[in-house]
Amino acid sequence: MTAHVEIAFFDRFLPALQELPSSVQRKTNAFIKKFRTDSQSSGINFERINNAANPQYRSVRIDRAYRAILLMPESGNQYVLLWVDHHDDAYAWAVRTQVKINPRTSVLQVYPILRSEDVKIEGGDDGTYRSPAEKSVEQPFEPVTAAEAPASGGPLFSLDGAQLTGVGVPDTHVDLVERLASRAALDNVKPLLPVEAYEALALFADGMDWEEVWEVYGPSAEPVDPDNIAAALSRPGSQRQFRVVESEQELARMLEEPLAKWRVFLHPSQRRLVDRDRNGPVRVTGGAGTGKTVVAMHRAVRLARLAGPTDQPSVMFLTYNTNLAKDIAAHVAELAEPDVARRVEVINIDAWLWRVLKSTGYRAKLCTDRVLDDMLDAALGSTGVQRSIRVDDGEELPRSFFTEEWARVVLPQCLHDREGYLGADRIGRGVALSRRQRAGLWPVFASLRKALADGGWIVRHDAMLQARDRLAAGKLDAGCRHVVVDETQDMGAEVLQLVRAMVPEGTNDLFFVGDGHQRIFGRAAVMKHCGINIVGRSHKLRINYRTTEEIRRFASALMNGVSVDDLDGGVDAGGEYLSLTNGPVPILEGAGNEADEIALVADRLETLRADAVPLESCCVMLRTTRLRDRFAKGLRERGLRTVVLEKEADDPKVPGVRVANMHRVKGLEFQHVFMAAMSDGVIPNAAALRSTQDKTERRAIERGERALAHVCATRAIASLTISWHGKASEFIEKG
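Below: a short report on this structure. Within every chain, residues take consecutive numbers counted from 1 along the sequence as written. Local features are withheld for residues below a pLDDT of 70 in this predicted model, meaning they are given only at 70 or higher, and side-chain atom pairs are given and counted only at 80 or more; totals for whole chains, interfaces and linings count all residues. Think of the side-chain values as coming from all heavy atoms in the structure, minus any hydrogens and water.

Considerations on the overall build of the protein
Across its full length, the protein carries 29 helices and 27 strands. Relative to its length of 735 residues, the protein is compact, with a C-alpha radius of gyration of 29 Å against a globular reference of 27 Å. With the principal axes as the frame, the protein shows a C-alpha extent of 90 × 60 × 55 Å. Taking all 735 residues of the protein together, the buried fraction comes to 55%. Computed with the Shrake-Rupley method and a 1.4 Å probe, the accessible areas treat only the protein chains shown as cover for residues. Of the accessible surface of the protein, which amounts to about 31,900 Å², a share of 49% is contributed by carbon and sulfur atoms. Residues scored as positive are Lys and Arg, those scored as negative are Asp and Glu, and His as well as the terminal groups of each chain are ignored. Here the site of a charge means atom NZ of a Lys, CZ of an Arg, CG of an Asp or CD of a Glu. Of the side chains in the protein, 95 bear a positive and 101 a negative charge, and the two mean positions are spaced by 5 Å. Helix numbering and strand numbering both begin at the N terminus, where a helix is a DSSP run of H or I of at least 4 residues and a strand a DSSP run of E of at least 2. Taken over C-alpha atoms, the radius of gyration is set against a globule rule of 2.2 Å times the number of residues to the power 0.38. Only protein chains enter the accessibility calculation, which uses a 1.4 Å probe; a residue is then buried when its area is under 20% of its type maximum, exposed when over 50%, and partly exposed in between.

Here it is in structure tokens:
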């Protein structure tokens, strides 16, 4: 007789398995499959562990030298695979690590057992914890030394025991937390705390209101059974670290790609956004690396599952560019069963626009910037307006003024006649114009409009609005029930209006994710001005899963002093999020000339390669395509294989260090990032700044350049190197 059991994985079990010899990995995988279908097999023996942190731990033999550690339920058939390692190391993990249901929050927590030799209190006058390098729960702990709170300063938190245990601090750790006297001390004891307890305390220390912390991390509203593992595993707070295997197919995928944690483990705040039905549009913001796109993908898959079998996509997932669309489509295919994945169409907004317009016999041609520039030159030449109108200082208007006036005033306000332009809103434009001057300028834009019509051209902005109007009139069908939008900050008002028209208002209609700090294309748009009401349905993700805290701080500093919008007309402070990992501070190093800088970068890449770091996990990022090509050539000449990232999606299986211009890396991530040629005149880009004489436009360009640097820095997971030749960029000097 066989006994089928339910199994769950601790999120560090599979990465630990990957560190073991391949023969042990194969044996462990065979054991897991066998155990799930026949737990009473004669070849499976459970052994109790002396002095284990939890009496329900059991050891299972993998082979003569290796053991797996499981959490066995007191009743029921829900088992949890916790750890796998060499015999002695596996037993040491079981003795020093507690896995237990928190009696207040109902979360299945993981944290080290505190012993007197682990934490020693010493007198001190700085109120900080002094500890050795951070260790994770799978490693034995060296003593963590603490300094008592200085008499004048007092403790870091004015919270009582009930408040601390209410956000997940174990009873055994309350005294430790109450003695903390600085933010640095909290960071030092992070490895001693359950991850959710550290998050709650860190966010509170960084300025989040206690009420908000309590709402996210506070006690369970339902009765807690401290012995019911299955019930604990069903709660979002546990699912960030534990995953119940639901099918043989899912188990196979997990064992084949054990490091793809984003597919199976979601933070409770992410899980709520994925699973909750909402009666109207939802906006999700958050800094780089907080998992916005992951949430969007999971949300799209959930909605597709709810739709049931259908021959047509039920969910439209829109991206800003083609590269991201290809990457996300591949991830959706990994995340969902084939019949569900087919119900999610991932496409960039421009491709969708032209496909649906052409399907209705639309004949207009998309006008490129080059064609439009030629039309503007012709209009200026035929009207003579540029020479006849002078601004306050007596100078004639530069050509850049007309390009900007067209893009910032004429197109957004859909101006087609003189009277409309005379009454147009020009707030934010750097050059004030009288009514007479506006009247004198209009012939240029009228000429542009006529040239477009005569040539059968249409600009992207107008095509978006024509599609919007056709959808609203019932002349177009978007072909979906739900729309999910990634990188909302780059979409622009015309796209948001189009998206609003794609599906009727209702349950789970629209879902937007974005971050104003990462706007490197287009201009800010206000969602409510585009017919998208998110009142009561706006959320912010605050935990960074990609970068280390040191890299996050550097990247955030690049945006210091820059006002960033929240996508709906408000201000996004941007500082209320933290990283859960630590690492080396970013390296900043200059060189005398370009050749020396290339040699500097090559030497660092060689060092990484000597440490067995695969070069495909490294990326060198440059501001311009010319610099990209020169650096790629220089690295090849020094014996390094390179892969230049073009428009096509990157194949991670192709060996070689990636080299890309900065705009290309949006949406990507790498273990090791090199931001090269960060020199004065390169970034902020001197040519871009010279393209306008309007002070307002120059400020917008500089802001975009800062955002571009911020985006690049936040692609880094483990390390970030910033280099330059000659004089360093002002972004580095001012930081």
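Topic: the pattern of salt bridges
For this analysis, a salt bridge means a side-chain nitrogen from Lys or Arg found within 4 Å of a carboxyl oxygen belonging to Asp or Glu. As enumerated under the stated definition, the model contains 43 salt bridges in all. Between E199 and R240 there is a salt bridge, with the nearest N and O atoms lying 2.4 Å from each other. Residue E199 is located in helix 7 (residues 195-205), and its partner R240 is located in the loop between helix 10 (236-239) and strand 11 (242-244); the two are separated by 41 residues in the primary sequence. Take E199: its relative accessible area is 0%, and that puts it in the buried class. Residue E404 is joined to R429 by a salt bridge in which the shortest nitrogen-to-oxygen separation is 3.9 Å. Pair noted here: E404 is in helix 19 (residues 399-410) and R429 is in the loop between helix 20 (418-422) and helix 21 (435-455), with a separation of 25 residues, a long-range link. Among the residues examined, E404 registers a relative accessible area of 10% and is labelled buried.

Structural notes on the sheet that holds strand 13 (residues 315-319)
The sheet built from six strands is open, its strands ordered 14-13-17-18-12-19 with parallel pairing. In the strand order of this sheet, the two ends are held by strand 14 (344-348) and strand 19 (538-541), each with one partner. Taking each pair of neighbouring strands and ignoring which way they run, the sheet shows an average axis angle of 15°. We call two strands paired when DSSP finds no fewer than two bridges between them. Sheet topology places strand 12 (residues 282-286) next to strand 19; four bridges connect them, and they run parallel. The axes used here are C-alpha line fits, helices contributing only the stretch in contact, and every angle between their N-to-C directions lies in the interval 0 to 180 degrees.

Focus: the state of the cysteines
Two cysteine sulfur atoms form a disulfide, by the criterion used here, when they sit within 2.5 Å. Going through the model one piece at a time under the given rule, you end up with zero disulfides. Distance from the sulfur of C480, which forms no disulfide, to the nearest cysteine sulfur (C530) is 18 Å. Looking at the unpaired C619, the closest cysteine sulfur is the one in C712, lying at 8.3 Å. Overall, C619 belongs to the buried group, its relative accessible area being 0%.

Regarding helix 13 (residues 292-307)
What a helix should span is 1.5 Å times the count of its residues minus one. Between its first and last C-alpha, helix 13 extends 23 Å over 16 residues, near the 22 Å set by a 1.5 Å rise per residue. For helix 13, the buried fraction is high: 13 of the 16 residues fall into the buried class.

Topic: the side chain of E594
Following the sequence through the fold, E594 ends up in helix 25 (residues 594-610). We define a polar contact as two N or O atoms separated by no more than 3.5 Å, with the added condition that, inside protein, one atom must be a possible hydrogen donor and the other a possible acceptor, whereas residues neighbouring each other in sequence contribute only through side-chain atom pairs. A distance of 2.9 Å separates a polar atom in the side chain of E594 from a polar atom in the side chain of R630. By definition in these notes, contact holds between two residues if any of their heavy atoms fall within 4.5 Å. Apart from residues lying up to four places away in sequence, E594 is in contact with L627, R630, F631 and H725.

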